[in-house]
Amino acid sequence: MILAIESSCDETAAAVVKNGREVLSNVISSQIALHTLYGGVVPEIASRKHIEKINQVIETALLEAGVPLERMDAIAVTYGPGLVGALLVGVSEAKAISFATGIPLVGVHHIEGHICANYIENKDLEPPFICLVVSGGHSHLVAVKDYGVYEIIGRTRDDAAGEAFDKVARAIGLGYPGGPKIDKLSREGNPEAISFPRAKVQESEYDFSFSGLKSAVLNYLNGCKMKGETVCAADVAASFQKAVIDVLVEHSLHAVKEFGYEKFAIAGGVASNSSLREALAGRCAREGVRFYYPSPVFCTDNAAMIGTAGYYEFIKGVKSGYDLNAVPNLKLGER
Ligand code: KG4
Ligand code: ZN
């Protein structure tokens, strides 16, 4: 029985997870409305809000699960990567509860949590598989060789996929967070209307680069403005989204084939994108690859995924000391 805590960015979250895959409660207090006023996450505000909410969120998670704190076998907490001030709130809280109760503490890598979100609803999913992790801060192609054993085979050289969604959304006046808004608007647009670049990274066939695409969108918008042409925001959104998806699909399926794996999963906020899910489902079906994906609520930041990741670390014998610290640039697979 794991009590999990997540506070790496703009969601204060707590969950109770039983035997790794059974979510008894999953409470998320989102700060999105607050940060929307500033067009993005303001770290100082995020930390302050986490402090205000965290006790309440944990209490609610325990109440909803119907299991008292004393019954927990471990307390799992995200300790990186993320915003340092935001991470510190969750880490300090988890350490305090662990110290007061004697319940063991397990520090969890946020990206490992995103990957493990796939285990929650797909009871049959076991490693090995390839996972595409696409969130606001990360774009990684990961070979999941075993529980807790990861090899990063591709990563972004510049912007993360979600970051590109957020920046393009801002440029076409949609506001923050951009991903869900572009997803929705794209359904009214023509993905072939504008030809945006599909970037390839010279030295690595699995790495990503999205900053060129972002610049191409900004140049297109500027060009229209200078020529006095009206911009069809839905066409821009759909064409941009298609350019991102094409690259994500190509790289992912290439990795699955090269590694000889039969299973492929997606994770992170961008993994809730409806067109990405459709494109990957179609391609995997054609190529005989089993495709796994979490429900949208387990794609964006939540604590249930941290509970699942924490469970697999805990049963391997991993425990953290009271010197556990927030590590803003923590690498996957490092402790
Ligand atoms: O995983 P997440 O909640 O936080 C990080 O760990 O970064 O991901 C947030 C990111 C944001 O950039 C948001 O715009 C993007 O995920 N996102 C989406 C969608 N929903 C959220 N991007 C594209 N389509 C969506 N439906
Ligand atoms: Zn995340």
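Structure first, text after, so check above.
A brief look at the structure comes next. For clarity, every value in this text was computed on a predicted model and none was experimentally measured. (Residues numbered from 1 in each chain as written. Chains lettered and ligands numbered in written order. Predicted model: local features only at pLDDT ≥ 70, side-chain atom pairs only at ≥ 80, totals over all residues. Heavy atoms only, no water.)

**Considerations on the site of ligand 1**
And then number 1: For ligand 1, the set of nearby residues contains 20 residues, the closest of which are G136, D166, G179, D183 and N273.
And then number 2: Measuring from an oxygen atom of ligand 1, one finds a side-chain N or O atom of H110 at 3.2 Å.
And then number 3: Taking G136, its main chain carries an N or O atom lying 2.8 Å from an oxygen atom of ligand 1.
And then number 4: A total of 560 Å² of accessible area belongs to ligand 1 in isolation, and the protein chains cover 89% of it.
And then number 5: If you list the elements that add at least two residues to the shell around ligand 1, you get α4 (110-121), α5 (161-171) and α6 (178-186).
And then number 6: Top element by residues in the shell around ligand 1 is α6. It accounts for four residues.
And then number 7: When the residues that make up the shell around ligand 1 are grouped by side-chain class, the tally is four nonpolar, 13 polar and three charged. (Near = heavy atom within 4 Å. Polar contact = N/O pair within 3.5 Å; in protein donor to acceptor, adjacent residues only side chain to side chain. Areas by Shrake-Rupley, 256 points an atom, 1.4 Å probe, with all protein chains shown as cover. Helix = DSSP H or I, 4+ residues; strand = E, 2+ residues; numbered from the N terminus. Nonpolar A, V, L, I, M, F, W, Y, C, P; charged D, E, K, R; others polar.)

**Concerning the nonpolar core**
And then number 1: In this structure, I130, F196, F240 and F264 are the most contacted members of the largest nonpolar core, which totals 47 residues.
And then number 2: Looking at this core, the elements with two or more residues in it are β6 (129-134), β7 (139-146), α5, α6, α7 (211-227), α8 (233-259), β9 (263-267) and α9 (274-287).
And then number 3: For this core, the leading source of residues is α8, giving 13 residues.
And then number 4: Formed by 36 residues, the second largest nonpolar core is a distinct cluster that contains V17, A74, C116 and F129. (Core = buried A, V, L, I, M, F, W, Y, C linked by side-chain atoms within 4.5 Å. Buried < 20%, exposed > 50% of the residue type's maximum accessible area, 1.4 Å probe, protein only.)

**Points about the sheet that holds strand β2 (residues 11-18)**
And then number 1: Strands sit in the order β3-β2-β1-β4-β5 across an open sheet of five strands; the sheet is mixed. Edge strands, defined here as strands with exactly one partner in the open sheet, are β3 (22-30) and β5 (105-109). Neighbour to neighbour, the strand axes of the sheet diverge by 20° on average, direction disregarded.
And then number 2: As paired strands, β2 and β3 are joined by eight bridges and run antiparallel to one another. Counted as the bridge partner of T12 is S29 from β3.
And then number 3: Across the face of the sheet, helix α11 (residues 304-315) comes into contact with β1 (2-6), β2, β3, β4 (74-80) and β5 while running at roughly 125° to β1. (Pairing = 2+ DSSP bridges. Axes fitted to C-alpha atoms, helices over the stretch in contact; angles between N-to-C directions. Contact = heavy atoms within 4.5 Å.)

**Some remarks on unusual backbone geometry**
And then number 1: Residue G80 is joined to P81 through a cis peptide bond whose omega torsion reads -10°.
And then number 2: Relative to the elements of secondary structure, P81 occurs in the loop between β4 and α3 (84-101).
And then number 3: Cis geometry marks the peptide bond from P127 to P128, where omega comes out at 5°.
And then number 4: With respect to the secondary-structure elements, P128 resides in the loop between α4 and β6.
And then number 5: Backbone geometry places N19, a non-glycine residue, at a positive phi of 50°.
And then number 6: Counting through the fold element by element, N19 comes out in the loop between β2 and β3.

**Quick word on the pairing of β4**
And then number 1: In terms of burial, β4 is a largely internal element, seven of the seven residues being buried.
And then number 2: Where β1 and β4 come together, four bridges link them in parallel fashion. By the bridge assignment for β4, A4 is matched with A76.
And then number 3: The sheet contact formed by β4 and β5 spans five bridges and is parallel.

**Concerning the packing of α5 against α7**
Two numbers describe a pair of packed helices, the interaxial angle and the distance between the axes.
And then number 1: Axis separation between α5 and α7 bottoms out at 10 Å; the angle between their running directions is 5°. In terms of orientation, α5 and α7 fall into the roughly parallel class. Within the contact between the two elements, α5 uses K167, V168 and A171 and α7 uses K214, V217, L218 and L221.
And then number 2: For the contact of α5 with α7, the residue count by class is five nonpolar, no polar and two charged. (Parallel < 35°, antiparallel > 145°, perpendicular 65-115°, else oblique.)

**Structural notes on helix α2 (residues 43-65)**
And then number 1: Taking 1.5 Å of rise per residue, the 23 residues of α2 would be expected to cover 33 Å, and the 30 Å separating its terminal C-alpha atoms lies within 8% of that figure.
And then number 2: The largest bend along α2 measures about 45° and falls at K53.
And then number 3: Of the residues making up α2, those classed as buried are A46, S47, H50, I54, V57, I58, A61, L62 and A65.
And then number 4: Of the surrounding elements, those touching the buried residues of α2 are β1, β2, β3, α1 (32-36) and α3.
And then number 5: Backbone geometry just downstream of α2 places G66 in the positive-phi region, at approximately 70°. (Expected span 1.5 Å × (residues − 1). Bend = angle between axes of the 7 residues up to and from the residue.)

**Comments concerning the packing of aromatic side chains**
And then number 1: Summed over the entire model, instances satisfying the criterion amount to twelve aromatic pairs.
And then number 2: Feature note: the residues Y119, F129, Y147, Y311 and Y312 constitute an aromatic cluster, connected by ring pairs. (Phe/Tyr/Trp six-rings, centres within 6.5 Å; stacked < 30°, edge-to-face > 60°.)

**Details of the coordination of the zinc ion (ligand 2)**
And then number 1: Each protein donor to the zinc ion (ligand 2) is listed here as H110 (NE2), H114 (NE2) and D301 (OD); together their distances run 2.0 to 2.1 Å.
And then number 2: One way to put it: the four donor atoms around the zinc ion (ligand 2) meet at angles of 95 to 132°, and that makes the site tetrahedral.
And then number 3: Of note, the zinc ion (ligand 2) draws all its donor residues from one chain, in the sequence arrangement H-x3-H-x186-D. Taken together, the residues span a long stretch of sequence, with H114 in helix α4 and D301 in the loop between α10 (296-299) and α11 at a distance of 187 residues. An identical accessibility class is assigned to H114 and D301; each is buried. (Donors = N, O, S within 2.8 Å, 3.2 Å for Na, K, Ca; no water. Tetrahedral: all angles 85-135°; square planar, octahedral: opposite > 155°, others 65-115°.)

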